[in-house]
Amino acid sequence: MANERQGCRNCRRRRIICDKTLPKCFKCGTRSLECPGYGPNYRWKSTAYDQTRVKTEVEALDLIQELSGQASMHQLSSSLVQTMTSDRGAEYTPQPKVMPAPLFNASHLSSLPGYINNSLFSRLLHHYVMVITPELDWVDTAENVHRSIIPSMGFKIPSICFALLALSAGDLSTRMKLNDLDSHNYTNIQQRLQEDALTLLSTHLQALTASFEPKGPLNKSQLREMLVSVFLLVCLGVRLGRNQIWELHLRAARALIDSWNAADGIVSHAGYGVERCIIQLLGEFQTWLSIMTFGQSPRITLKRGPGDWHAPFDGYVHALDQITILARRRLRQVPIDTAMEVDRLLKELEDTKKTTLEYSLQIPFNAANARSAFSSLVEMFHQATLIYLFRAGLDHETATRACTAPKLRLFQVLRGLPDIETIAHNMPWPLFIAGTECHGCVESQKFVEAKMHEMIRLTGTLDRHRMLKFLHEVWTSEEMCEGVNWISIAQRWDWQGNAFLVQ
């Protein structure tokens, strides 16, 4: 009876409150976990190796859960950058440690390569859990599958483990460069881990192809493993600002998703499992890239269900896709009732804002000021998207008049933010659009550039230096004085091979 009162074993292990519903608890169901129930845990006696391995995995998962309760992710990020430098030599003076990475014995994880020791493994996992996972979701909560599910998969699946550690090492190397620290060691580790992950993925793909039967069942477990691994490699390419690499991985992910959809229709599932989350984020990456690219490519789509508050900005991402399509049609001079389309999108944006704010009431925010910061973010996203709609769908003079009010409101909210730490990873779009509206105003240009550098300091470089370079061209371009907006300049950048991710 004691076990039943405490909840299921998954919830007890993860130290969260179990709702104890039958036949399985809601918490397990929403995480695509098999609920073990509430009774005694009878199990076969295993070998000493298996017992040690299980103990190691549980120890790691407990560590992940413990870390996820810590606050101030970006302060921790900067402290980690200071402490995670190994083999510096006698002349190196260690920086003060705010919170060193916890250690646990990973020697029994047989999948780890020889160049990853316990200390390095702990550092990389710690950085992934504490710094990267909060930035992979719109809002960091206990439901964040990047922290609650993917690391546990990595303890069982080598390709996921290697890709996860490569992502962490790559992100650390970019942050260390920002702090003028030697990142050579982590860059080498990232490259080796990435190569190992790709080798395993190639092996899995060959095995999957060899066992494929045109009318037979797909190995969904293997597809899921490959999709998670490829997703982590996409994130690595995005973090490093290497468009060609992550776009290549994105195409591979699209092929995996198409294979699964053909058999199962995964995107229509109501649950918020790891696959749904990954497909959604891959679609968002594609949306941000499409704003600055002008070719045609297959889309990664995700059917949205009512009450899907895990994706609070999904409505805005969908609207951005529609606005980008409108902009491309106008550039190609495709016959279209622009006024009707703009009116339709205006209504969609108003509905989206209302829905997003309603969703936010259900979100269990971690930080004390996170709810007010989220409301400010919604307002900035809304005004920035309105400006994009007007610039994409109206002639220059009409768009300039229509943009006056949302531009003033966008800068008002931006200047009123006490700090951007809790929402920094979601700031690229509002800041980018604010920057495109700064032509001829030096004071606003300096303000946007300062905010961009603050965002880079908090969340990494990605493609943001290229974004700043683009904004500098917009600010100094004589074309802007002649009624040409930034979308035409973006088209020229794409033709020159300089497109970037607005993220």
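Right above here is the structure, for reference.
Throughout what follows, the structure given in this document is the object of discussion. Please read all numbers here as calculations on a predicted model, not as lab measurements.

1. Digging into the overall build of the protein chain
Thinking step 1. The secondary structure content of the protein chain amounts to 21 helices and zero strands.
Thinking step 2. Within the protein chain, the fraction of its 503 residues that count as buried is 54%.
Thinking step 3. Across the protein chain, every contact between residues at least 6 apart in sequence was considered, and the portion connecting residues at least 24 apart equals 71%.
Thinking step 4. Put simply, the protein chain shows about 23000 Å² of open surface, and 53% of that area lies on carbon and sulfur atoms.

2. Quick notes on unusual backbone geometry
Thinking step 1. Unusually for a residue other than glycine, Gln-333 sits at a positive phi of about 60°.
Thinking step 2. Residue position: Gln-333 is located in the loop between helix H14 (314-331) and helix H15 (338-360).
Thinking step 3. Judged by its relative accessible area of 69%, Gln-333 is exposed.
Thinking step 4. Even without a glycine there, the phi angle at Leu-462 is positive, about 50°.
Thinking step 5. Take Leu-462: it is sitting in the loop between helix H19 (442-459) and helix H20 (464-476).

3. Side note on the pattern of salt bridges
Thinking step 1. In total, this model carries 16 salt bridges according to the counting rule given.
Thinking step 2. Asp-140 is paired through a salt bridge with Arg-147; the nearest N and O atoms lie 3.0 Å apart. Like Asp-140, the residue Arg-147 is buried in the burial classification.
Thinking step 3. Ionic pairing is found between Arg-466 and Asp-463, a salt bridge with its closest N-O pair at 3.4 Å.
Thinking step 4. Among the residues examined, Arg-466 registers a relative accessible area of 28% and is labelled partly exposed.
Thinking step 5. Asp-463 gets classed as buried once you look at its relative accessible area, which sits at 5%.
Thinking step 6. Through salt bridges with shared partners, a single network forms among Glu-135, Asp-171, Arg-175 and Arg-239.

4. As for helix H21 (residues 486-495)
Thinking step 1. Those residues of H21 that fall on the buried side of the exposure criterion are Trp-486, Ile-487, Ile-489, Ala-490, Gln-491 and Trp-493.
Thinking step 2. In this structure Asn-485 caps H21, since a side-chain oxygen of it lies 3.0 Å from the backbone nitrogen of Ile-487.
Thinking step 3. Backbone geometry just downstream of H21 places Gly-497 in the positive-phi region, at approximately 80°.

5. Section: the packing of helix H17 (residues 396-416) against H19
Thinking step 1. Two elements in contact, H17 and H19, have axes whose closest approach is 12 Å; the angle formed by their N-to-C orientations is 50°. Classified by the angle their axes make, H17 and H19 are oblique. The handedness of the crossing between H17 and H19 is left-handed. Of the residues in H19, those touching H17 at Phe-411, Leu-414 and Arg-415 are Glu-443, Ser-444, Phe-447, Val-448 and Lys-451.
Thinking step 2. For the contact of H17 with H19, the class distribution of residues is four nonpolar, one polar and three charged.

Rules of the game
Residues numbered from 1 in each chain as written. Predicted model: local features only at pLDDT ≥ 70, side-chain atom pairs only at ≥ 80, totals over all residues. Heavy atoms only, no water. Helix = DSSP H or I, 4+ residues; strand = E, 2+ residues; numbered from the N terminus. Buried < 20%, exposed > 50% of the residue type's maximum accessible area, 1.4 Å probe, protein only. Contact = heavy atoms within 4.5 Å. Areas by Shrake-Rupley, 256 points an atom, 1.4 Å probe, with all protein chains shown as cover. Salt bridge = Lys/Arg side-chain N within 4 Å of Asp/Glu carboxyl O. Polar contact = N/O pair within 3.5 Å; in protein donor to acceptor, adjacent residues only side chain to side chain. Axes fitted to C-alpha atoms, helices over the stretch in contact; angles between N-to-C directions. Parallel < 35°, antiparallel > 145°, perpendicular 65-115°, else oblique. Left-handed = near helix turned anticlockwise from the far one by under 90°. Nonpolar A, V, L, I, M, F, W, Y, C, P; charged D, E, K, R; others polar.

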